[in-house]
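Okay, here's what each chain looks like letter by letter:
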Amino acid sequence: MDIKQLKFLIALDETRHFGQAAARCHVTQPTLSMRLRNLENELGLELVRRGQRFEGFTAEGERVLAWARSLMAAHDGLYAEAAACRGQLVGTLRLGVVPLSGFDPMELVRLFAEQHPGLRFQLFALSSDQILERLGSNQLDLGLSYLDRLDREHFDSLELAATRMGLLYDRRHFQFSETTLRWENLIDLPLGLLSAGMHFRQSIDHCFRSRGLTPLPKLETDAVHQLLQAVSAGLCCSIMPLRNGLAEFTNELVLTPIEDAHTLAPLGLIMRRGAPRSPLAEACFSEARTLISA
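Parameters at a glance
- Residues numbered from 1 in each chain as written.
- Predicted model: local features only at pLDDT ≥ 70, side-chain atom pairs only at ≥ 80, totals over all residues.
- Heavy atoms only, no water.
- UniProt positions renumbered as here; feature names shortened; annotations may be inferred.
- Pairing = 2+ DSSP bridges.
- Helix = DSSP H or I, 4+ residues; strand = E, 2+ residues; numbered from the N terminus.
- Axes fitted to C-alpha atoms, helices over the stretch in contact; angles between N-to-C directions.
- Domains from an automatic or database assignment.
- Buried area = accessible area lost by both parts, 1.4 Å probe.
- Salt bridge = Lys/Arg side-chain N within 4 Å of Asp/Glu carboxyl O.
- Polar contact = N/O pair within 3.5 Å; in protein donor to acceptor, adjacent residues only side chain to side chain.
- Nonpolar A, V, L, I, M, F, W, Y, C, P; charged D, E, K, R; others polar.
- Patch = residues over 30% accessible without salt bridge, like charges linked within 9 Å, V, L, I, M, F, W, Y side chains within 5 Å.
- Areas by Shrake-Rupley, 256 points an atom, 1.4 Å probe, with all protein chains shown as cover.
- Buried < 20%, exposed > 50% of the residue type's maximum accessible area, 1.4 Å probe, protein only.
- Disulfide = S-S within 2.5 Å.
- Phe/Tyr/Trp six-rings, centres within 6.5 Å; stacked < 30°, edge-to-face > 60°.
- Contact = heavy atoms within 4.5 Å.

With an unreviewed UniProt entry as reference, the protein chain is termed DNA-binding transcriptional regulator, LysR family, source organism Pseudomonas straminea. Recorded under Sequence similarities (unreviewed entry), the UniProt text for the protein chain is reproduced unchanged: "Belongs to the LysR transcriptional regulatory family."

Draft legend 1. Structural context of the sheet that holds strand 10 (residues 237–241). The strand order across the open sheet built from five strands is 9-8-10-7-11, with neighbouring strands paired in mixed fashion. Edge positions in the sheet fall to strand 9 (219–221) and strand 11 (253–262), since each of these pairs with one other strand and no more. Across the sheet, the axes of successive neighbouring strands diverge by a mean angle of 30°, strand direction being ignored. Relative to strand 10, strand 7 (residues 164–170) runs antiparallel, the two sharing four bridges. By the bridge assignment for strand 10, Leu168 is matched with Ser238.

Draft legend 2. Main features of the domain arrangement of the protein chain. Here the protein chain is described as being made up of domain 1 (3–66), domain 2 (89–161 + 266–293) and domain 3 (164–262). Taking the mean C-alpha position of each, domain 2 and domain 3 sit 26 Å from one another. Considering only the side of domain 2, the residues that lose the most area to domain 3 are Pro99, Leu100 and Tyr146, jointly responsible for 57% of the buried surface there. Run the count over domain 2 and domain 3 and you get zero salt bridges. At the boundary of domain 2 and domain 3, one finds zero residue pairs in polar contact (both at pLDDT 80 or more). The class makeup of the residues in the side of domain 2 that touches domain 3 is four nonpolar, two polar and three charged.

Draft legend 3. Structural context of a nonpolar patch on the surface. Taken together, the side chains of Met1, Leu43 and Leu45 make up a nonpolar region of the molecular surface, amounting to roughly 250 Å² of accessible area. Within the secondary structure, Leu43 sits in helix 3 (residues 29–43). When its relative accessible area of 32% is taken as the criterion, Leu43 is described as partly exposed.

Draft legend 4. Examining the state of the cysteines more closely. Counting across every chain of the model gives zero disulfides. Here Cys207 stays unpaired: no disulfide links it, and the sulfur of Cys237, its closest cysteine neighbor, is 17 Å away. Taking the relative accessible area as the measure of exposure, Cys207 reaches 5% and is therefore buried. Unpaired in this structure, Cys236 has its nearest cysteine sulfur neighbour in Cys237, at a distance of 6.9 Å.

Draft legend 5. Region of interest: the packing of aromatic side chains. According to the stated counting rule, one finds four aromatic pairs in the structure shown. Residues Phe54 and Phe57 carry aromatic rings whose centres are separated by 5.3 Å and whose planes lie at 70° to one another, so their mutual orientation is edge-to-face. Ring pairs connect the aromatic residues Phe18, Phe54 and Phe57, which therefore count as one cluster.

Draft legend 6. Local environment of the sheet that holds strand 12 (residues 267–272). The five strands lie next to each other as 4-3-5-12-6, forming an open sheet whose pairing is mixed. Two strands close off the open sheet at either side, each with one partner strand: strand 4 (119–125) and strand 6 (155–159). Ignoring which end each strand starts from, the neighbouring axes of this sheet average 25° apart. Across the sheet, helix 10 (residues 279–293) touches strand 3 (91–97), strand 4, strand 5 (142–146), strand 6 and strand 12, and the angle it forms with strand 6 is around 25°.

Draft legend 7. Inspection of the pattern of salt bridges at higher detail. Applying the stated rule across the entire model yields 14 salt bridges. Here Glu184 makes a salt bridge to Arg182, at a shortest N to O gap of 3.6 Å. By relative accessible area, Glu184 is classed as partly exposed at 35%. Under the relative-accessibility criterion, Arg182 is labelled partly exposed at 41%. In this structure, a network of salt bridges that share partners links the residues Asp13, Glu14, Arg16, Arg24 and Arg69.

Here it is as structure tokens:
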């Protein structure tokens, strides 16, 4: 067994496709398949269910995959730890972010990149539950997520400023003279919102319903870029967090604060407590605390 076989196994889980897993690992598909067969023979277990294409992992494969992730996290952590002992911080920081967080993640990425030029970054748009799950299985180093369901026995958190909301619109299609809007001003507007069930959408629905209002969105989507496209096209307005950086993409977008508008739960930066814990996560979590305090 070698570390490459574990990388191949993890890549197959993340892509769910033999060809894409091989391309990600920079090998041919026959090479990847052969190395995974060798791993199965060595362990005496069938790990992958195969047909005409990838069909998933066996129950034994899922258990081995969990160990593979822990071993890869330890492997990457060892190299990061060695670099930290040399006074360097290198490697890839994996950051999971909930859609429409009220804190611009680029502020953190920019800070980390300036402090540590050797760092690379992977950002993933995920739900709160997915972020906690991937932090727990060492698939992420840090998460930017809501803290309402956080198990504080297993995760450290750094609470950020309260997430306030505003109405995002394109000045070429809509005009508002008020500097602050009320929820009653929004109910008759064509609104584009995140899909029902997403945390930010739940907060929006709560704000409307607590005032006896029921929104009927013109557009619903789970993709933030589609909301921005719809707003820019004049199809709708949207409700977004303040300080998220989205209104800065063009000179035509305006984000006007909404009175008494905030999410149901605070947003925070989250890191797992249990070992193995990446030196990258620890260093960046500490620097984020300094940034937020300032």
